[in-house]
Amino acid sequence: MAVIYQAVYRRAASLFCRLHSTYVRKMRYLNELKEDDTLCRQAQNSGTFCLFHNLSPFLQRVGKKYLVPQLSAAEMKRILKKFRETEQQIEKSVLIGCSDEHVPHFALDLGALDKSVIESELKGSFTDLRKALFIVDGKDSSLMASAQSLLRWHDSHQYCSKTGQPTQKNMAGSKRVCHASGITYYPQMSPVVITLVSDGSRCLLARQPSFPQGMYTALSGFCDIGENVEEAVQREVAEEVGLEVESVWYSASQHWPFPSSSLMIACHSLVRAQEAEISMDSLELEEARWFGLEEVVEGLKRDHGSSKQDNGSFLPWFPPKQAIAHQLICEWVQQQTS
């Protein structure tokens, strides 16, 4: 009987710990803010804010580092007062998370205000997101990407697709509602597969004309309706480089804010070495080629600034560590060396 009581106690204690863990409490608090407009409005008075200007995040340079400052509600109200804007502008913000101590974090776009005045007042600068993602640390990078994607979604979903009537944002920005039709719209992400193709001893990397000079990355493309991940990988590889994939295995996923908001589903894929002749789609790609292990290892040591040669050409380099393509390439190197 004592053994049974001990087992029941352990199970109950485990459940209590899970229900009262920092993570669980934080997620439940965020969900309450999303569902309760009154509670979220109160939270805006005690929360912190990261700023955007026409979807470009505000950064501050501290020494050699770039940071995404979190402004207090009092500081936000001071800035708005300086521009003779009402405090109601804060209600246009969107909820993007909270600290372990339940301090809510919001993002607010001040695109209607003078950018240079804000930059001077706060001693920083609004920076294009593509650049900003690679000069801040990983935690801030993820926060900026999520915030910008949500702000962009609200900007492009102000009207109901059925009635044409304006939609209304809830206080947290987790949805928009058309009161004329009763339709509720939720932010969505588009699934994108990104795959590092290998023939066993080499990996295939490609570049598009819009890429920075010398940069190569893994193949990627949007999933079509009705496809699973494996089918999307097989189709993209066939379309872009004319190869037939034998096997696919999952690696990881990452939210990516471009072109709007995407869920990058990263995979490795294998083709037969005997059937590895590339037939590139020149409408999609500028170049695609096989890389050996040594060339990949050297390429991982370079960045855009160190890849230019004296004759003006560029040595191959790969996406920085914040991009999931970098992880795929590093995993392939590890597979080869182990």
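Fair warning: this is a prediction, and the values are worked out from it, not measured in the lab.

Caption draft 1: Inspection of the overall build of the chain at higher detail. Secondary structure assignment for the chain yields 10 helices and 16 strands. Here the chain, with 338 residues, has 41% of them falling under the buried criterion. In the chain, the proportion of contacts linking residues at least 24 apart, taken out of those at least 6 apart, comes to 63%. Distance from the positive charge centre (36 side chains) to the negative charge centre (40 side chains) of the chain: 10 Å.

Caption draft 2: Spatial organisation of the domain arrangement of the chain. Domain boundaries in the chain define domain 1 (22-161) and domain 2 (190-337). Its C-alpha centre places domain 1 at a distance of 33 Å from the equivalent point of domain 2. Counting from both sides, the interface comprises 11 residues of domain 1 and, opposite them, 9 residues of domain 2. Counting across the interface, domain 1 meets domain 2 through 2 residue pairs in polar contact (both at pLDDT 80 or more). If you list the elements that add at least two residues to the side of domain 1 that touches domain 2, you get α6 (129-132) and α7 (138-156). The leading source of residues in the side of domain 1 that touches domain 2 is α7, at 6 residues. Partitioning the side of domain 1 that touches domain 2 into residue classes produces 5 nonpolar, 4 polar and 2 charged.

Caption draft 3: Spatial organisation of the sheet that holds strand β8 (residues 168-169). Strand order across the open sheet formed by 3 strands is β8-β9-β10, with antiparallel pairing between neighbours. Each end of this open sheet is capped by a strand with a single partner; those strands are β8 and β10 (184-185). Note: β8 against strand β9 (residues 176-177), 2 bridges, orientation antiparallel. In the strand pairing of β9, glutamine 168 is matched with valine 177.

Caption draft 4: Summary view of helix α5 (residues 115-122). When α5 is considered as a whole, its buried residues turn out to be Ile118, Glu119 and Leu122. Burial along α5 is one-sided: seen end-on, the buried residues are contained in an arc of 100°. Here the buried face of α5 lies against β1 (48-53), β2 (56-62), β4 (71-72), α4 (73-82) and β7 (125-126).

Caption draft 5: Broad picture of unusual backbone geometry. Each neighbour pair has its own omega, and for phenylalanine 258 with proline 259 the value is 0°, a cis peptide bond. Mapped onto the secondary structure, proline 259 falls in the loop between β14 (245-256) and β15 (262-271). Although it is not a glycine, asparagine 54 sits at a positive phi angle of roughly 50°. Tracing the backbone shows asparagine 54 in the loop between β1 and β2. Note on asparagine 54: relative accessible area 52%, which makes it exposed. The phi dihedral of histidine 102 falls on the positive side, at around 65°, and the residue is not glycine.

Criteria and thresholds
- Residues numbered from 1 in each chain as written.
- Predicted model: local features only at pLDDT ≥ 70, side-chain atom pairs only at ≥ 80, totals over all residues.
- Heavy atoms only, no water.
- Helix = DSSP H or I, 4+ residues; strand = E, 2+ residues; numbered from the N terminus.
- Buried < 20%, exposed > 50% of the residue type's maximum accessible area, 1.4 Å probe, protein only.
- Contact = heavy atoms within 4.5 Å.
- Lys, Arg positive; Asp, Glu negative; His and termini not counted.
- Charge placed at Lys NZ, Arg CZ, Asp CG, Glu CD.
- Domains from an automatic or database assignment.
- Polar contact = N/O pair within 3.5 Å; in protein donor to acceptor, adjacent residues only side chain to side chain.
- Nonpolar A, V, L, I, M, F, W, Y, C, P; charged D, E, K, R; others polar.
- Pairing = 2+ DSSP bridges.
- Arc of directions from axis to C-beta.

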